[in-house]
Amino acid sequence: MSYLDQKEPPRREDRLKACIAYGGSICGMADRQKRCLQDDGERCFTQGSICLLLPGIAILNSIPDSVTLLHGAIGCGSCAHSQNANVRSGSGLRRGKVKDALWLSTALNETDVIGGGEAKLTEAIREADRRYRPSAIFVVSSCVPGIIGDDIEGVVERVQPQVNARIVPIHCEGFKTKVWATAYDAIYHGIGRVLLGEPEEYQPVLVDELGELKEKYRLSRTVNLMNVSSMGRGDEQELARLLRSLGLDVNIFPVFAHPEEMYKATQAAVSVSVCPTHDDYFLKYLQEKFGVPYIIKHMPIGIANTGNWIREVADFFGFQAQAEKLIATEEEEVQAALEEFRPVFAGKKVFVSAGEFRALATTQLLAELGFKIVGIRSFHHDEFAEEEYPKLAAYGEDFPFSIANAQPFEEANLLQRTKPDLFLGHWCSNATATKLGIATHVIYNTGLNYIGYQGAYELARRLYRQLKNPSFSKKLSRYARLPYTKQWYEADPFKYIKAVGSEPNV
Ligand code: SF4
């Protein structure tokens, strides 16, 4: 039985035994005898967490001709405002039309908590359909309906015959999980259950025999390039360029894909993940139900990683020789272009913070560029990154490694100890480092390039500029203060972590 036969996806804590609390070192992670996961430790003090609605809404709002209907308290949709620039620019670049995120909320209040929110949801779905005539309505369930027990599927079943749009329930109840990557499963779960249809529905319309052969040939060389918003348009174009160099066609899925065209994902020759943290849930389903095999191993950030990513795809199609030629040409070009930056990077200390796979892959790129790695913080850990730790340990020097779902107090302590020249952190998470006077750069921004050979060069170029002139952070640190005491900076940064079966060191 597939997970998608159930109404809701499981939590990643249960499905993958994902971990959110660990403090140790990179060699400690690499040397573990136990090749499965860390015990899911907890903190006895925590500064905050990340709701899965944050990545969830970012993906849904990119879907053209759709409405995202948040069923919950009005504040649950607030992150949509900060993400709208990406929706506007992404729509313009991909579909030639600038479009704002279209999201509504049932704005549940105290009365609804007592009386239930199903009537409001029913009316909101009808109103969204009447007002916008969308192709799809994503009904996103947040904490309140999860707690009071609203039957989202029951409402959808009753209302579906009355509206034109296809209604897609998405379960993003924030209280259910501390692993925000569960959002990817939740989105894929809804799309897979409602928008892909059944295999027999998608027989190609055949005009003539030649047309049939051409279409079969095209599909036999089409790759699903999976993107749940970890790539901006520039990064998508870079990977499409590399795949087309091998004679392959590309279907980018699911961000910015029209609901009525999502079935195309079921017809490709193979699906290729760009970030293994994101896609396993859906890729396994595509293989089981539609017979589309998948590749989920490397993240093409970094020169060696990009080469390995290309090799995996080329192996599938039997294009090894063409791939080696392509990789050799690209590497020669990018290495030559990077020469001017290397003297500035050599031996500079860097600390990296992001989602697990992105943090590890970016660290490998930074090591390739000549940086000295002094620390990594990942938001969570699961099985997909196991092979990456020995690669980093092989660079020879041990350094602190932390798994933390947004714990800036631990980060501040680690930064004071390791004193990096540069910090690469996620959106909104560079403030601590900047206030400490460290030059920073964002590790993910859909308006910038990070992926492939072009991404390696573009990131190096930006870091070079940042290191040449770090005066913003230096000046800010003279006036801005962090709230931590001298005692905290001298304490064990991981003292509040409590592994299963042990007591915290407090
Ligand atoms: S944690 Fe719950 S209440 Fe808070 S934003 Fe997420 S879904 Fe809404």
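Residues numbered from 1 in each chain as written. Predicted model: local features only at pLDDT ≥ 70, side-chain atom pairs only at ≥ 80, totals over all residues.

**Notes on the overall build of the chain**
Right, on to step 1. Scanning the chain from N- to C-terminus turns up 22 helices and 16 strands.
Right, on to step 2. Computed over C-alpha atoms, the radius of gyration of the chain comes to 23 Å, within 12% of the 23 Å expected from 2.2 N^0.38 for 506 residues, which places it in the range of a compact globule.
Right, on to step 3. The principal-axis extents of the C-alpha atoms in the chain amount to approximately 65 × 60 × 45 Å.
Right, on to step 4. Classification of the 506 residues of the chain by burial places 47% in the buried group.
Right, on to step 5. Within the chain, contacts between residues separated by at least 24 positions form 74% of all contacts whose residues are at least 6 apart in sequence. (Helix = DSSP H or I, 4+ residues; strand = E, 2+ residues; numbered from the N terminus. Rg over C-alpha atoms; globule rule 2.2 N^0.38 Å. Buried ≥ 20, exposed ≤ 12 C-beta atoms within 10 Å, placed from the backbone. Contact = placed C-beta atoms within 7 Å.)

**Focus on the domain arrangement of the chain**
Right, on to step 1. Under the domain assignment, the chain is made up of domain 1 (50-199), domain 2 (206-330) and domain 3 (342-498).
Right, on to step 2. The gap between the C-alpha centroids of domain 1 and domain 3 is 33 Å.
Right, on to step 3. In this assembly, eight residues from domain 1 lie in contact with six residues from domain 3.
Right, on to step 4. Looking at the side of domain 1 that touches domain 3 residue by residue, the classes come out as four nonpolar, three polar and one charged. (Domains from an automatic or database assignment. Nonpolar A, V, L, I, M, F, W, Y, C, P; charged D, E, K, R; others polar.)

**Here's the deal with helix α4 (residues 79-95)**
Right, on to step 1. Here α4 is 17 residues long and its end C-alpha atoms lie 23 Å apart, about the 24 Å a rise of 1.5 Å per residue gives.
Right, on to step 2. What α4 keeps buried is the set Ala80, Gln83, Asn86, Val87 and Gly90.
Right, on to step 3. Contacts from the buried residues of α4 go to α3 (53-62), β4 (103-105) and α11 (233-245).
Right, on to step 4. Where α4 ends, the next residue or the one after it, Gly96, has phi of about 70°, a positive value. (Expected span 1.5 Å × (residues − 1).)

**A short note on the site of the ligand**
Right, on to step 1. Every residue near the ligand is listed here: Cys51, Leu53, Gly72, Ala73, Cys76, Ser142, Cys143, Gly174 and Phe175.
Right, on to step 2. Taken together, the residues that form the shell around the ligand break down as six nonpolar, three polar and no charged. (Near = placed C-beta within 6 Å.)

**Some thoughts on the sheet that holds strand β14 (residues 422-425)**
Right, on to step 1. Ordered in space as β1-β13-β12-β11-β14-β15, the six strands form an open sheet in which the pairing is mixed. Among the strands making up the open sheet, the edge pair consists of β1 (21-25) and β15 (439-442). On average, each strand axis in the sheet is inclined to that of its neighbour by 15°, with strand direction left out of account.
Right, on to step 2. Here β14 pairs with β15 via four bridges, running parallel. By the bridge assignment, Leu424 is partnered in β15 with His441.
Right, on to step 3. Seen against the sheet, helix α18 (residues 408-418) touches β11 (349-354), β12 (372-378) and β13 (400-404) and runs at an angle of roughly 170° to β13. (Pairing = 2+ DSSP bridges. Axes fitted to C-alpha atoms, helices over the stretch in contact; angles between N-to-C directions.)

**Observations concerning the sheet that holds strand β5 (residues 136-141)**
Right, on to step 1. Taking strand neighbours across the sheet as the criterion, the four strands line up as β4-β3-β5-β6 in an open arrangement whose pairing is parallel. Strands at the two margins of the open sheet, each flanked by one partner only, are β4 and β6 (166-171). On average, adjacent strands in this sheet sit at an angle of 25° to one another, irrespective of strand direction.
Right, on to step 2. In this structure, strand β3 (residues 66-71) lies alongside β4, joined through three bridges in parallel fashion. Across the sheet, residue Leu70 finds its bridge partner in β4, namely Ser105.

**Looking at the pairing of strand β7 (residues 222-227)**
Right, on to step 1. Burial analysis of β7 places six of its six residues in the buried class, which makes it a mostly covered element.
Right, on to step 2. For the crossover that starts at β7, traverses α11 and ends in the parallel strand β8 (residues 249-254), the hand is right-handed. (Right-handed = clockwise from strand over helix to strand, strands pointing away.)

**Quick look at unusual backbone geometry**
Right, on to step 1. The omega torsion across Phe253 and Pro254 is 0°, close enough to zero to call that bond cis.
Right, on to step 2. With respect to the helices, strands and loops of the structure, Pro254 is situated in strand β8.
Right, on to step 3. Positioned with a positive phi, Asp65 is a non-glycine residue whose angle comes to about 60°.
Right, on to step 4. If you trace the backbone, Asp65 turns up in the loop between α3 and β3.

**Overview of the packing of helix α9 (residues 182-194) against helix α12 (residues 276-290)**
Right, on to step 1. It is the contact of α9 with α12, at a shortest axis distance of 8 Å, that shows an interaxial angle of 25°. As judged from the angle between their axes, α9 and α12 are roughly parallel. You can see that α9 and α12 cross each other, and the crossing is right-handed. Here Tyr184, Asp185, Tyr188 and Gly192 of α9 come into contact with α12, specifically with His278, Tyr281, Phe282 and Tyr285. (Parallel < 35°, antiparallel > 145°, perpendicular 65-115°, else oblique. Left-handed = near helix turned anticlockwise from the far one by under 90°.)

**Focus: the packing of α11 against helix α20 (residues 452-468)**
Right, on to step 1. α20 packs onto α11 with a crossing angle of 140° between their chain directions and a minimal axis gap of 7 Å. Between α11 and α20, the angle is such that the two are oblique. On α20, the residues that touch Asp235, Glu238, Leu239 and Leu242 of α11 are Gly452, Gln454 and Gly455.
Right, on to step 2. Its residues assigned to classes, the contact of α11 with α20 comprises two nonpolar, three polar and two charged.

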